[in-house]
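What the coordinates show
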There are 4 protein chains.
Amino acid sequence: MPLTPEQEAEIAALRETSRPTLRPVAEGMERHLHLVHPVLDHGFVRVVDYMGDDSSIVQAARVSYGRGTKSVQNDEGLIRYLIRHWHSTPFEMCEIKLHVKLPVFVARQWIRHRTASVNEYSARYSILDREFYIPAREALAAQSAVNNQGRGETLGDDEAARVLDWLREDATQTYDHYEAMISQEGQQGLARELARMNLPMNVYTQWYWKTNLHNLFNFIRLRADAHAQYEIRVYADVLGAVVKDWVPFAWQAFEDFRMGGLSLSAKGVEVLKRRLAGEVVTQETSGMSKGEWREFEGVWGV
Amino acid sequence: MPLTPEQEAEIAALRETSRPTLRPVAEGMERHLHLVHPVLDHGFVRVVDYMGDDSSIVQAARVSYGRGTKSVQNDEGLIRYLIRHWHSTPFEMCEIKLHVKLPVFVARQWIRHRTASVNEYSARYSILDREFYIPAREALAAQSAVNNQGRGETLGDDEAARVLDWLREDATQTYDHYEAMISQEGQQGLARELARMNLPMNVYTQWYWKTNLHNLFNFIRLRADAHAQYEIRVYADVLGAVVKDWVPFAWQAFEDFRMGGLSLSAKGVEVLKRRLAGEVVTQETSGMSKGEWREFEGVWGV
Amino acid sequence: MPLTPEQEAEIAALRETSRPTLRPVAEGMERHLHLVHPVLDHGFVRVVDYMGDDSSIVQAARVSYGRGTKSVQNDEGLIRYLIRHWHSTPFEMCEIKLHVKLPVFVARQWIRHRTASVNEYSARYSILDREFYIPAREALAAQSAVNNQGRGETLGDDEAARVLDWLREDATQTYDHYEAMISQEGQQGLARELARMNLPMNVYTQWYWKTNLHNLFNFIRLRADAHAQYEIRVYADVLGAVVKDWVPFAWQAFEDFRMGGLSLSAKGVEVLKRRLAGEVVTQETSGMSKGEWREFEGVWGV
Amino acid sequence: MPLTPEQEAEIAALRETSRPTLRPVAEGMERHLHLVHPVLDHGFVRVVDYMGDDSSIVQAARVSYGRGTKSVQNDEGLIRYLIRHWHSTPFEMCEIKLHVKLPVFVARQWIRHRTASVNEYSARYSILDREFYIPAREALAAQSAVNNQGRGETLGDDEAARVLDWLREDATQTYDHYEAMISQEGQQGLARELARMNLPMNVYTQWYWKTNLHNLFNFIRLRADAHAQYEIRVYADVLGAVVKDWVPFAWQAFEDFRMGGLSLSAKGVEVLKRRLAGEVVTQETSGMSKGEWREFEGVWGV
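Residues numbered from 1 in each chain as written. Chains lettered and ligands numbered in written order. Predicted model: local features only at pLDDT ≥ 70, side-chain atom pairs only at ≥ 80, totals over all residues. Heavy atoms only, no water.

Chain A is annotated in an unreviewed UniProt entry as Flavin-dependent thymidylate synthase from Rubellimicrobium rubrum. UniProt, in the comment section headed Sequence similarities (unreviewed entry), describes chain A in these words: "Belongs to the thymidylate synthase ThyX family." The UniProt entry for chain A carries the following comment under Function (unreviewed entry): "Catalyzes the reductive methylation of 2'-deoxyuridine-5'-monophosphate (dUMP) to 2'-deoxythymidine-5'-monophosphate (dTMP) while utilizing 5,10-methylenetetrahydrofolate (mTHF) as the methyl donor, and NADPH and FADH(2) as the reductant." (UniProt positions renumbered as here; feature names shortened; annotations may be inferred.)

Next comes the structure, spelled out in structure tokens:
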């Protein structure tokens, strides 16, 4: 995402305006503040504000323990304990505010995370830029044959070229018409709130988005997952890298217990215990349905 | 919105399957259940479930009063009192579940109402229909000269014809390409989650949307307002008509105190009191800014 | 909880007033409607309204799949799939409204579940009843020696008798003073909103509480857990029994995947895989901390 | 609230540890950070962290306007405009985190504000301090004769003395028994989670509480209102003073449009217009109920 000289100057100015504060400061996050992390062809993520650090999680958790806790648990151990036992409120004590530029079809998935504050660029007031997400050649994948909602193999060259031509052609044509509709030269000019409906869903929008760490973890867990659509996963991956620098203890616990961990059903627990005891368990003797067994086997082998 | 014969049969079957319940029943709402209220050219709203009625609001409010309340207020009076004094929790005791078909750009405004449950048709799994919102001739308005976010006069004939041609043409072409991209005849076929990005924002989607009466009132207050975009206002108007039949006391109070009422600032209160006392107040002596005074004058005259 | 004759008559009348509806009806839930489920010594839970059933979950999930889903999954299988993969929004389509009577210290835990609607009996308006939770003899447990927040062994007879005497004595005395303070005989009578502060936290209050099935599952998972305080667990257990009759498929999946299941960290997964391959893994070679290993061993043995 | 020397030292240390940040800094809020604002006899409010300032509200609002806005509105004017037109999301961009010590009966009102993050001192883990709210002599008011939920005249001396004696006596006795129950000298010692139920609701608890500015405004509007209970109003008043220093433009707009403003019903608007036109309007000709008219007259006179 090439920035305009004005934008580069504005960010440079922000990066130079350091001021004293009595609040908790996360050094790892200060290094990210205001900077643009490019995502996709024209998108980005920028951290524009934050609140709290690992110690804020601990502070909130400790009020619950008060005088009753004899042994002093160290901060990292306490944070791991909280994640392990699904305590969520202490993680709500950290907050992040982002400036994000993203295609509309990604924004539509993103906004499903309801516990957040959003201010989006309004195409009722303002004119959208001529910027569309056109996938990189290697991101063009066929519909998966096994997963109704996923991608399969990469498209062959001819088909990929055809797809890219159509995407570019339609973006150009619909935007030309959008411009022509709202133009006030020699005509009245259609209301922006109407004209925008002609633009395809790979047009870029932008917003400020603010949420707490607990809900950001939910976002990352769902959107950095292998089943998430690639175009939102790349945003979630950037956020993961940011969080790692912001609250390193919380991130490591989250990675171990949420991202890398998994859930077992009561039946799954029982099957594993029988296997550990030397028994050979099959789908028929597992009590699981075929679908459940297939997923179970995918992780634990046969 | 012409229904398919299957859909008509399904709705007829639902309308015939009456069953006994011990729950509160709102007769006015039973008459709406499952039926399609057409909106725009292909959209609709259908109530598919609901919970509670006027008496449920009263029941919840009364638990707060318990034995301490001597005089028995009637239900309507109590509901008016609750609305007048901004009590919101009793109105959360009623719930509604809708099936809505709407253009994507309307859905993007709608979903900003966060306190609701949503399940949307997924264009990752499924193929979108070739259905686009094409405004009626008289809905084609120019950008307002005085309001950056609004509509002004209706477009002239030539310009309107040009706009409609472009909207139809681009809808047709982008959908043709969408179909061609996902087709698996003679090619791999692009993943649906990618191909959908080529569709413009007037394509129709659908969802189940569930919220409580308090939040539905907020939705209607903001979206049935004269400043809301026409294309969402027509949905809000239908919902208003439904709510009127569902909880008539609550609706009437809402209409009187919220839809038809207005807020005064401290300065506004003071100016009105001075005027009632016979004083002539001007912007200069009002303490209001020019913008505030303009709005104030718009309501109260000079 | 002995009901007054008036209350019994009111419930009997409600149970007899069956009316036709076109909404989904859950037969298992109709059997619970309005009836009192006694909990603790004076508390209760009553379902006073509900919305949706297993089919409502399926309906909401299916809109996401639309035409793309070829194989018709049966309802139970789909619900299990949704729970297994942490899909939450379809479960928000069911709603429940309860009338609960409970001690204040239980209410203070309960209300931490924020995504719910509440109307509580107001002790600012009204006079609280002389009803206090006095634990049954066998519920009187000592502070746990190993768990700062839990209970250990049952108290011995002398100590238990002493505790019960104090609880009864203090409840009686504080309520006597409460009554004396608000009395208007021969004095002005203290405002109720002030006098109530003299009452201990085992006094009973009541409220209407409404939430959706997704959040109710969260409530039950946390509060029917062995680590939850007994006095809230008994409420959660009653709710579990109600949900089982209301949405039997969802309940069974919830029981298998949430209540009976468990989470493994990335390290836990790795240790189990090494064990299944025949390796002996110790805390030292597991990569886990001592605390994590202790919990892991508690489930999986050594 | 007399602080312990340890607490005073800790706060002094925090006040001396200034660190550089690239985030927005609100000078007015830095002056409050960590300091104790005493409330009631043993309570306090301390700001322990915050995020954003007036410019953060403006930044979020401006993204909505983008290139479409020609005239540069100044920050204060824009903030007034946002408040006047009930735009709420930009105010969600500011966040505050408090440490609050408060009586349990106040905490029970406070927590009804659901859109917030809370970590409370746990009386399951820990032992509560022997600290109770005992009202000041002049706060002891009789039940209002006209308002079921309010206070009337101050109690006479004898009655006040009696009330204070009971409050002190019962606090002392119940806390003595609480201590005796959990003591492990010569007995097992009752679990803390049980013993706490014997404490009256004027015992102090404490928590960390975090919310955004939009929800804080809702809190202040409801709790700093003349109809709120005095014991929570004093907390809301302190918060108002803090917000005034934090976001002065937002506070002034809030004060003018929310705290000092009022809502008119459609009927109220009509009556005022008729009066301004010289007509004499009575309850009979107003279309209002007697209760509505009484409130209307209370503001606008006859």
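Moving on: the relation of the copies chain B and chain A. Taken together, a rotation about one axis and a shift along it account for how the two chain copies relate. Expressed as a screw operation, the relation of chain B to chain A combines 0.0 Å of axial shift with a rotation of 180°, fitting to an RMSD of 0.0 Å. Taken together, the rotation and translation describe the operation of a two-fold axis. Ranked by how close their C-alpha atoms come to the rotation axis, the residues of chain B are headed by Pro200 of chain B, at 1.8 Å. Most of the interface of chain B is mirrored in chain A, where 100% of its interface residues again form contacts. (Least-squares fit on C-alpha atoms with pLDDT ≥ 70 in both. Contact = heavy atoms within 4.5 Å.)

Taken residue by residue, the interface counts 63 residues in chain B and 63 residues in chain A. Where chain B abuts chain A, roughly 5700 Å² becomes buried across the two surfaces, and 50% of that area is made up of carbon and sulfur atoms. The interface formed by chain B and chain A contains 4 salt bridges. Arg151 of chain A is the salt-bridge partner of Glu193 of chain B, the closest N and O atoms lying 2.4 Å from each other. In this assembly, chain B and chain A are joined by 45 residue pairs in polar contact (both at pLDDT 80 or more). (Buried area = accessible area lost by both parts, 1.4 Å probe. Salt bridge = Lys/Arg side-chain N within 4 Å of Asp/Glu carboxyl O. Polar contact = N/O pair within 3.5 Å; in protein donor to acceptor, adjacent residues only side chain to side chain.)

In this structure, Trp110, Leu213 and Trp246 of chain A together with Trp110, Leu213 and Trp246 of chain B are the most contacted members of the largest nonpolar core, which totals 176 residues. Here Leu213 of chain B is in contact with Ile57, Phe91, Cys94, Val243, Trp246, Val247 and Ala250 of chain B, once residues within four sequence places are set aside. Counting residues in hydrophobic clusters, the runner-up holds 175 residues, among them Leu190 of chain C together with Val39, Ile79 and Tyr133 of chain D. (Core = buried A, V, L, I, M, F, W, Y, C linked by side-chain atoms within 4.5 Å. Buried < 20%, exposed > 50% of the residue type's maximum accessible area, 1.4 Å probe, protein only.)

Scanning the model with the defined rule gives 0 disulfides over all chains in all. We note that Cys94 of chain A lacks a disulfide partner, and the nearest cysteine sulfur, in Cys94 of chain D, lies 18 Å from it. For Cys94 of chain A, a relative accessible area of 0% puts it in the buried group. (Disulfide = S-S within 2.5 Å.)

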